[in-house]
Amino acid sequence: MPTTRVQLALNVTDIEAATTFYEAMFGVPPHKQREGYANFVVEDPPLKLVLIEKPGEGEHLNHLGVEADTPEEVTAALARFRGAGLEATLAEHDVCCHAAQDKVFVTAPDTPTGWWEYYAVTDDSAVNPEGESTSVCAVACEAKAAAAGGTCCS
């Protein structure tokens, strides 16, 4: 049976302090750390917690997502979203959050960025020293989020 977990990406003022706090809170060390970035894979509750250092950012919620195990689960989710009449855009081989991912952005009401992402990591060590997203979809998403006062993963 496929396993998914909710992703919660937060903008934090001090990455070291936030990492120390969440490590103590969830009892697990970070899964990945880069300058200004950390993520945790929490088994209980099933959560992918992403911390992005953005001092002075007024909004602390960066974005919401669902992490799947495989790209096939992302493809199935895209079909389900479109079958339900939801606006969804596929972004294959997206480099975001210090990893390569296959993902779908699905437009959602009442969320800070206007969307959720549903994704699977295909390469957790993608060569991308600046950690910038490379997909056309993510760039368009960033522009849409910025216009709405939010921000995508960067």
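The preceding data block contains the structure.
Residues numbered from 1 in each chain as written. Predicted model: local features only at pLDDT ≥ 70, side-chain atom pairs only at ≥ 80, totals over all residues. Heavy atoms only, no water.

Some points on the side chain of Arg5
Right, on to step 1. With respect to the element layout, Arg5 can be found in strand β1 (residues 4-12).
Right, on to step 2. Assessed through its relative accessible area of 15%, Arg5 is described here as buried.
Right, on to step 3. From its side chain, Arg5 meets the backbone oxygen of Val42 in a polar contact 3.1 Å long.
Right, on to step 4. Residue contacts for Arg5: discarding those within four places in its chain leaves Val41, Val42, Glu43, Pro46, Leu47, Lys48, Gly65, Val66 and Glu67. (Helix = DSSP H or I, 4+ residues; strand = E, 2+ residues; numbered from the N terminus. Buried < 20%, exposed > 50% of the residue type's maximum accessible area, 1.4 Å probe, protein only. Polar contact = N/O pair within 3.5 Å; in protein donor to acceptor, adjacent residues only side chain to side chain. Contact = heavy atoms within 4.5 Å.)

Focus on the sheet that holds strand β7 (residues 99-107)
Right, on to step 1. Pairing is mixed across the open sheet formed by eight strands, whose spatial order is β2-β3-β4-β1-β5-β8-β7-β6. Only two strands of the sheet have a single neighbouring strand rather than two, namely β2 (32-34) and β6 (88-96). Taking each pair of neighbouring strands and ignoring which way they run, the sheet shows an average axis angle of 20°.
Right, on to step 2. With eight bridges joining them, β7 and strand β8 (residues 115-123) adopt antiparallel strand pairing. By the bridge assignment for β8, Val104 is matched with Tyr118.
Right, on to step 3. Relative to the sheet, helix α1 (residues 15-26) contacts β1, β2, β3 (37-42) and β4 (47-53), its axis offset from that of β4 by approximately 165°.
Right, on to step 4. Sheet strands touched by helix α2 (residues 71-83): β1, β5 (61-68), β6, β7 and β8. Its angle to β8, the strand with the most contacts, is close to 155°. (Pairing = 2+ DSSP bridges. Axes fitted to C-alpha atoms, helices over the stretch in contact; angles between N-to-C directions.)

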